[in-house]
Each structure stands twice: as C-alpha cells, then as structure tokens.
Amino acid sequence: MIGALIARDMRRGGSTGAVWLPIAFFALIVALMPFAVGPDARLLARIGPGTLWIAALTAALLPVERLIEPDRADGVLDQLVIRGMAEESIALAKIVAHWLTFAPLLMIAAVPGSVLLAMDGGSLARTELALLVGTPGLAALAVAIAAVTSGLPRAGSIAGLLLLPLAVPLLIFGAANALLLEAAVSLLLTAGAPFVAGAAIRAART
Amino acid sequence: MTGLLRFEQVALRRGGHLLFEWLDLALGPGEAVQVMGPNGSGKSSLIRLAAGLLRADQGRVERSALALADDKLALDRELPLSRALGFWGGAVAEAMEALGLAHLAEVPVRLLSSGQGKRATLARVAASGAPLWLLDEPLNALDSDGAARLATLIAGHRQSGGGVLAASHQPLPGEWRRLDLGA
C-alpha cells in the first residue's frame, strides 16, 4: 500500500503539472539575484550557494498546501486508514513521493542557476551535494507542516511562518557546506516528520 | 468476536456535547442495522466510530475488516473512473456493472454528477470484498434506479454472510433492524 500511494502521489504531481511550479519559482528567484546585486561576477559567485539555498527554501513552501489538505478534505486519508494503513506510514509515503518529485528537478534547475550566478564547477558540485543531503529533511519538514496546517484557513501563510524558521539549520549548514551537520539535521527531520505528521493527521480528523 | 461489529457501553462526545452513552450494538453475518435520528443526533459520528476513525470516550468497539461509503468521494478527479476506483483495488469491473457505472468507465471523475459520484463510492464498497459495510446516508443524491441497485447489492451481500450498518434519516429499502438515536 505504501508503494501504491507513493506511485499515485508522484503520478498526480506530474500529470497535474504541480511539480513544475516550485521549480519555476526556484529558477525565477535565482534569476532575480543578478538584477538585485548587479553583474559583479566575483560577488555573485560568492553569494551563489547561499542564493541557491534561499531559492530552494522558498520553493519548498509552494507545494505545502497540496501535500495533505486535498486528501484530507476528499476522504482519501480516511479510506487509507480504514484499509489499515497507519497515519505515520501515510506521512512517510507522502515524504518519499514529495522528495522524488521535488529534489531531482530542483538539483537540475540548480545547474542553469549556477551559470546565472557565475559559480564555478567546484562550487556547483559542492552545492549539489549539500542539496542532495539536505532536501530529504526539507521535504519531510514540508509534509509535517502541511499536516499540521491542513484544514486551517489561510494554511499557506501559516505554513510559511512555521516552515522557514524550522528550516534555518538546513540553510546554515547547507550554505556553509558543512555536510555532516547538514546530514544530521536532515536525518533528524526525516526521522521525526512522519510521527509529527501522523499525529497531526489523527488530530485533524473529525 | 463472532460478529462483524460490536459496541459495548459506548459513549461519544463531540465538541463538549454528549451524543450518546451506554450504547450497545452487535452486528452479525447477514444482519443489517439502520441508524436513524434527526440531523445532529450523531448518526455520522457513530458510523465513523464504527470505522475506527473516531475513538469512543467510554466503552469498547470491536470490528472486522470493513469498507466505508460516506459523502467524500476519495477518488482522483483527473483519472477516468475505472482507474480511480482501481487504486482502491478489488473487483472493480463487477462493482461498476452492479451500480450501472460501466458506461462511465472512461469518464474523468471530475465530470461525474453527484448521483454518479455516490454510486462510485458505493461501488468502492462493493468491490472491497470486506464483510462489514458502513454506509453514511447511502440514498443521498441517488435516483430510484440507484436505490434499487443498492438494495440488490445489500441483499446479495447479506446472503453471502456480510453485514451492513447504514445511517439514514429516510427509510431504506429492505429489512432493517433500527437503532434510533433521536431522543
């Protein structure tokens, strides 16, 4: 059932075009940076990795409203629970599906992004590695926040206020390329998020 | 447990308001119980309690494998109906035939009318193969043909040893034991 749910979520994201929105947003933020700070290549290269991370974090906010709420409102979560699936397993499936549709596209979009920011190959490779390590934590955090805010009015804005502060450790260690610390934070978020999201899904049931 | 569903001295509170207490209910193979009562008497809550989606404040609820049809579609809108139902598995083709949905197999779920949507949620229950069916207001939005098909399905399910718990404020076709929550 977990595999079927992952496949279904990935198909839905792809076929409705929803997965492209955060990627377009990511590319747009990266493209704005040279306009904001000017065409100085040395300055751009220096702030490049941090810019990619800020863009990744803001892009991670966009899908939050479609991760849990539509399935809660439409009774899909209820039907899964009736079939004996634990809320934590549902959350885990959603994290895996979200990461698979979010992270690879983001990492591909980071390549043209690095060109706009005049980053060299080594700097890009290090940032890609940090994104690979950090994005599971970011995806897990997005699903947990989506579950906590599902059913609330203006959930999107509240989700932003919750997600961005909690993602600060990922941002700090990711942009500083402290890979072990980034991995530790990412692991903690990925391991904890299914339980937070599972409890939130149970609590939101009426 | 020999039956399909058993409530023992169950109490349920929603939003600080006591819906019912000391409720006993046993549902065995071949039996059908209709929960009746005015709006807000707790019919849907009782169904969700039976489904395990709510927890009883007091008492015990035991249940066998079950399927639930309520007012939520739980089908992917962009998919054709047969594929959307297929996600939930079971004997989908037969169930669609039984509810008169076979000609809609290739129609996207988002284009279905509310009556057709209701039939689709009943088809998911029929396809599930679960011994216990929980139906929340199964007649809502159904036309007379749909209601007749539902009655046939329920009769067949009971004959093969299944049980049905349905909540409805209007009389359901067939023989039902009644549980009245209104008071």
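First, a word on what this report is: a plain description of the structure on this page. Being a predicted model, the structure only gives us computed values, none of them experimental.

### So, the overall build of chain A
A count of helical and extended segments in chain A gives 11 helices and zero strands. Overall, chain A shows an N-to-C arrangement of helices and strands of α-α-α-α-α-α-α-α-α-α-α. Relative to its length of 206 residues, chain A is compact, with a C-alpha radius of gyration of 17 Å against a globular reference of 17 Å. Along the first, second and third principal axes, the C-alpha atoms of chain A reach 60 × 35 × 30 Å. Scored against the burial criterion, the 206 residues of chain A give a buried share of 44%. Long-range pairs, those at least 24 residues apart, make up 84% of the contacts in chain A between residues at least 6 apart in sequence.

### Some thoughts on the sheet that holds strand E1 (residues 5–14) of chain B
Residues and elements named next belong to chain B. One open sheet accounts for three strands, arranged E2-E1-E4; its pairing is antiparallel. One side of each edge strand has no neighbouring strand; the edge strands of this open sheet are strand E2 (17–27) and strand E4 (58–63). Each strand of the sheet is rotated relative to its neighbour by a mean of 25°, with strand direction disregarded. Note: E1 against E2, seven bridges, orientation antiparallel. The residue of E2 that forms the bridge with arginine 13 is leucine 18.

### Side note on the environment of leucine 32 of chain A
All names here are of chain A. Take leucine 32: it is sitting in helix H2 (residues 20–37). The partly exposed category is assigned to leucine 32, around which 13 C-beta atoms lie within 10 Å. Residues leucine 32 and leucine 116 lie 84 residues apart in sequence; the distance between their C-alpha atoms is 9.5 Å.

### Re the pairing of strand E7 (residues 163–167) of chain B
Residues and elements named next belong to chain B. Among the five residues that make up E7, five are buried, leaving the element largely enclosed by the rest of the structure. Both strand E3 (residues 32–36) and E7 contribute to a ladder of four bridges, which runs parallel. Across the sheet, valine 33 pairs through a bridge with leucine 165, a residue of E7. Pairing between strand E6 (residues 132–136) and E7: five bridges, direction parallel. For leucine 132, the partnering residue across the bridge sits in E7 and is glycine 163.

### Observations concerning the interface of chain B and chain A
Listed as interface residues are 13 residues of chain B and, on the opposing side, 13 residues of chain A. Residues that form the side of chain B that touches chain A fall into these classes: eight nonpolar, one polar and four charged.

### Description of the nonpolar core
Residue and element names in this part refer to chain A. Counting 117 residues, the largest nonpolar core has Ala142 and Val143 as the members making the most contacts within it. No other element matches helix H8 (residues 121–149), which puts 14 residues into this core. Ignoring sequence-local partners within four residues, the contact set of alanine 142 consists of Ala60, Pro63, Val64, Leu67, His98 and Leu163.

### What about unusual backbone geometry?
Most peptide bonds adopt trans geometry, and most residues besides glycine take a negative phi value. Residues and elements named next belong to chain B. Even without a glycine there, the phi angle at tryptophan 22 is positive, about 55°. Summarising the element assignment, tryptophan 22 is placed in strand E2. Phi at glutamate 137 takes a positive value of approximately 45°, unusual for a residue other than glycine. Tracing the sequence through the fold places glutamate 137 in the loop between E6 and helix H5 (144–159).

### A look at the sheet that holds strand E5 (residues 66–69) of chain B
All names here are of chain B. Pairing is parallel across the open sheet formed by five strands, whose spatial order is E5-E6-E7-E3-E8. Unpaired on one side and paired on the other, E5 and strand E8 (177–180) mark the two borders of the sheet. Across this sheet, the average inter-strand angle for adjacent strands is 15°, counted without regard to direction. Packing of helix H4 (residues 114–128) onto the sheet brings it into contact with E5 and E6, and relative to E5 it is tilted by some 170°.

Reading guide: rules and limits
Residues numbered from 1 in each chain as written. Chains lettered and ligands numbered in written order. Predicted model: local features only at pLDDT ≥ 70, side-chain atom pairs only at ≥ 80, totals over all residues. Helix = DSSP H or I, 4+ residues; strand = E, 2+ residues; numbered from the N terminus. Rg over C-alpha atoms; globule rule 2.2 N^0.38 Å. Buried ≥ 20, exposed ≤ 12 C-beta atoms within 10 Å, placed from the backbone. Contact = placed C-beta atoms within 7 Å. Pairing = 2+ DSSP bridges. Axes fitted to C-alpha atoms, helices over the stretch in contact; angles between N-to-C directions. Nonpolar A, V, L, I, M, F, W, Y, C, P; charged D, E, K, R; others polar. Core = buried A, V, L, I, M, F, W, Y, C linked by C-beta atoms within 7 Å.

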